[in-house]
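Fold and geometry: a report
Now for the letters of each chain:
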Amino acid sequence: MQEQRKIPATVITGFLGAGKTSAIRHLLQNAKGRRIALVINEFGDLGVDGEILKGCGIEDCGEDDVVELANGCICCTVADDFLPTIQALLDRADPPDHIVIETSGLALPKPLVKAFAWPEVRTRTTVDGVITLIDGPAVAEGLFAGDPEALAAQRAADESLDHDTPLEELFEEQLACADMVVINKTDMLAEADLRGVEESIARHLRPAVKTVRSVHGAVDAAVLLGLDAAAEDDLDSRPSHIDAAGEHDHDDFTSFSLELDETDAPETLVHRLLPVIAEHGILRVKGFAAVTGKAMRLVVQGVGDRLQHHYDRDWRPDETRRTRLVIIGETGLDEAAIRAALAA
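These figures come from a predicted structure and were not determined experimentally.

Some thoughts on the pattern of salt bridges
Across all of its chains, the model carries 22 salt bridges by this definition. Its salt-bridge partner being D97, residue R35 comes within 3.0 Å of it at the nearest N-O pair. Placement of the pair is R35 in the loop between α1 (20-29) and β2 (36-41) and D97 in the loop between α3 (78-90) and β4 (98-102), with a sequence separation of 62 residues. Using a relative accessible area of 33% as the deciding quantity, one classes R35 as partly exposed. Of the charged contacts in the structure, one is a salt bridge between R238 and D179, with a shortest N-O distance of 2.8 Å. Residue R238 is located in the loop between α10 (221-224) and β8 (253-260), and its partner D179 is located in the loop between α8 (166-176) and β6 (180-184); the two are separated by 59 residues in the primary sequence. Exposure class is identical for R238 and D179. Each is buried. One salt-bridge network, in which partners are shared between bridges, spans D135, E141, K185 and R306.

Shown next, in the form of structure tokens:
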């Protein structure tokens, strides 16, 4: 009896704003006939990434092929949310050729890879590879590098403090589990800075893990798919801070969504956001905006003070024209002050 072919799954991970959705969109546009199903996970209750991909207009990418898991990281809800979703995709009368999973920017990839070893899915699918996207400029600016002197002082004052900053830990986790690393937004870096980013990343990678460069997440599908890593059988080589503890949480980060009135121009919204981002140390802003006099919806994406925007599609007749944004930062964000500042 011929053994049933396992459907390959690719896990695309990376910190908030690294360019995961852009990479997936490019992948879909260049799938060359592959039927790809997407599982999109977001931290927060506003499904921006899934909505962007559903409205992408790419042939062979229908709304039924995009499954959203919002308001929490799937690394924490594997049994409740992720496994039933994968099983449902596998049980389709015409299952996909490949499954692509976009994790939340705050997710740890290893618990997700572990799920593929569960009996419910092990014989039917395999992790073709874990792709970690890196925001090159964010690494160059030191976003993931804590202050060594400050951390040493904290450890001296509290002997129980033996871990890195939350951002450092997350960065290390996502790199340590990678089968391939994509350094994105390389057009925003000088060559010397880019080499520095590559050197800082290299010490966190397992042997033989390849690093590629990209702009707007554009990497050939032949490079990203077909790694044949079978990562679920290779868990011991992927170190994690949670290996000893066995569980984790995301208490170091928080998010909330808010609504604003229409804006008279995209630049007006940007100028409104920038001082609030700077004052409160907001890590990520994303969402949709209504611009007065414009029939199209404006997509707003920001990492720190780097804000981008573009129109993606017309507002549908059944939609309410409004501006909705999700704000993400480290725990302790003054939500009331941020809301008041942006509403002023």
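Next comes the rest of the write-up.
Examining the confidence of the model for the protein chain
Overall, the predicted model of the protein chain reaches an average pLDDT of 82, with 79% of residues at or above 70. No element of the protein chain has a lower mean pLDDT than helix α7 (residues 148-157), at 46, and none a higher one than β6, at 97. Across residues 146-152 the pLDDT falls below 50, and counting only partners more than four positions away or on other chains, this stretch makes five contacts in the model. Counting interchain partners and residues more than four positions distant, the pLDDT-below-50 stretch residues 158-163 has six contacts.

Here's the deal with the sheet that holds strand β9 (residues 284-289)
Paired through their backbone hydrogen bonds, the strands of a sheet run either parallel or antiparallel. Strand order in this open sheet of five strands is β8-β12-β9-β10-β11, and the pairing throughout is antiparallel. Because the sheet does not close on itself, it has two edges, and the strands there are β8 and β11 (306-314). Each strand of the sheet is rotated relative to its neighbour by a mean of 15°, with strand direction disregarded. Pairing geometry for strand β10 (residues 296-303) and β11, over eight bridges, is antiparallel. Across the sheet, residue L298 finds its bridge partner in β11, namely Y311. Contacts from helix α11 (residues 266-280) reach β8, β9, β10, β11 and β12 (323-330), with the element oriented near 145° to β11.

About the criteria used
Residues numbered from 1 in each chain as written. Predicted model: local features only at pLDDT ≥ 70, side-chain atom pairs only at ≥ 80, totals over all residues. Heavy atoms only, no water. Salt bridge = Lys/Arg side-chain N within 4 Å of Asp/Glu carboxyl O. Helix = DSSP H or I, 4+ residues; strand = E, 2+ residues; numbered from the N terminus. Buried < 20%, exposed > 50% of the residue type's maximum accessible area, 1.4 Å probe, protein only. pLDDT = per-residue confidence, 0-100. Contact = heavy atoms within 4.5 Å. Pairing = 2+ DSSP bridges. Axes fitted to C-alpha atoms, helices over the stretch in contact; angles between N-to-C directions.

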